[in-house]
Amino acid sequence: FDEGANKKYGDSFVDLNTEQQHEYVKEIHASALGQKFARNSQKKPFILTVKELTLLGFFTSEVGATQVLQYDPVPEAYKGCLSLEEVGKTWAT
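Reading the values: the criteria
- Residues numbered from 1 in each chain as written.
- Predicted model: local features only at pLDDT ≥ 70, side-chain atom pairs only at ≥ 80, totals over all residues.
- Heavy atoms only, no water.
- Helix = DSSP H or I, 4+ residues; strand = E, 2+ residues; numbered from the N terminus.
- Buried < 20%, exposed > 50% of the residue type's maximum accessible area, 1.4 Å probe, protein only.
- Areas by Shrake-Rupley, 256 points an atom, 1.4 Å probe, with all protein chains shown as cover.
- Lys, Arg positive; Asp, Glu negative; His and termini not counted.
- Charge placed at Lys NZ, Arg CZ, Asp CG, Glu CD.
- Salt bridge = Lys/Arg side-chain N within 4 Å of Asp/Glu carboxyl O.
- Axes fitted to C-alpha atoms, helices over the stretch in contact; angles between N-to-C directions.
- Parallel < 35°, antiparallel > 145°, perpendicular 65-115°, else oblique.
- Left-handed = near helix turned anticlockwise from the far one by under 90°.
- Contact = heavy atoms within 4.5 Å.
- Phe/Tyr/Trp six-rings, centres within 6.5 Å; stacked < 30°, edge-to-face > 60°.

*Asks:* An account of the overall build of the chain is needed here, citing residue identities and associated values.
*Replies:* Per the secondary structure count, the chain includes 5 helices and 0 strands. Considering the chain as a whole, with its 93 residues, one finds that 12% of them fall into the buried category. Here the chain displays about 8200 Å² of accessible surface, and carbon together with sulfur accounts for 55% of that area. Charged side chains in the chain number 10 positive and 13 negative. The centres of these two groups are separated by 11 Å.

Now the structure itself:
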């Protein structure tokens, strides 16, 4: 990834200005999407692996899970003392 940036711009990716970084990432991403590779292959393009891990990290973080995704830790109201007739069935646990 960094070698490609160095080839194209003559500088390391982290040393490029923001516009160049965006342009380079978009170009590499579009190229990666056009490639054929096995879905669970270890030869997945670097940019797609980074994208996947970034999204996984964000959506499994507290902010991603509670403020972006719909999150309800207990989907129903807790009713501690109910008769079996109200519940309608017994639970395994």
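Still to come is the rest of the account.
*Asks:* Tell me what's going on with the pattern of salt bridges, and back it up with residues and numbers.
*Replies:* Between side chains of opposite charge, pairing is possible as soon as their charged atoms come close. In the structure shown here, the tally under the stated rule is 3 salt bridges. Across the pair Glu-23 and Lys-8 runs a salt bridge whose closest N-O atoms are separated by 3.6 Å. Taken together, the residues Glu-23 in helix H2 (residues 18-34) and Lys-8 in helix H1 (residues 2-9) connect sequence positions 15 residues apart. Take Glu-23: its relative accessible area is 43%, and that puts it in the partly exposed class. Residue Glu-27 pairs with Lys-8 through a salt bridge whose shortest N-O separation is 2.3 Å. A residue pair is termed long-range when its members are at least 10 positions apart, and Glu-27 in helix H2 and Lys-8 in helix H1 qualify at 19 residues. Residue Glu-27 is classed as partly exposed on the basis of its relative accessible area of 37%.

*Asks:* Help me get a handle on the packing of H1 against H2, residues and values and all.
*Replies:* Packing of H1 against H2 brings their axes to within 11 Å, and their N-to-C directions diverge by 120°. Here H1 is positioned oblique relative to H2, judged by the angle of their axes. Crossing geometry of H1 relative to H2 is assigned as right-handed. Side by side, H1 and H2 meet where Gly-4, Ala-5, Lys-8 and Tyr-9 of the first sit next to Gln-20, Glu-23, Tyr-24 and Glu-27 of the second.

*Asks:* Break down the packing of aromatic side chains for me, citing the residues and quoting the values.
*Replies:* A full pass over the atoms with the stated rule returns 6 aromatic pairs. Ring centres of Phe-1 and Phe-13 lie 5.0 Å apart, and the angle between their planes is 65°; on these two criteria the pair is classed as edge-to-face. Residue Phe-1 is located in the segment before H1, and its partner Phe-13 is located in the loop between H1 and H2; the two are separated by 12 residues in the primary sequence. Residue classification places Phe-1 among the partly exposed residues on the basis of a relative accessible area of 33%. Considering the side-chain rings of Phe-1 and Phe-46, the 5.5 Å spacing of their centres and the 50° angle between planes classify their relative orientation as tilted. Of the two residues, Phe-1 sits in the segment before H1 while Phe-46 sits in helix H3 (residues 46-59), which places them 45 residues apart along the sequence. Through successive ring pairs, a cluster of aromatic residues spans Phe-1, Tyr-9, Phe-13, Tyr-24 and Phe-46.

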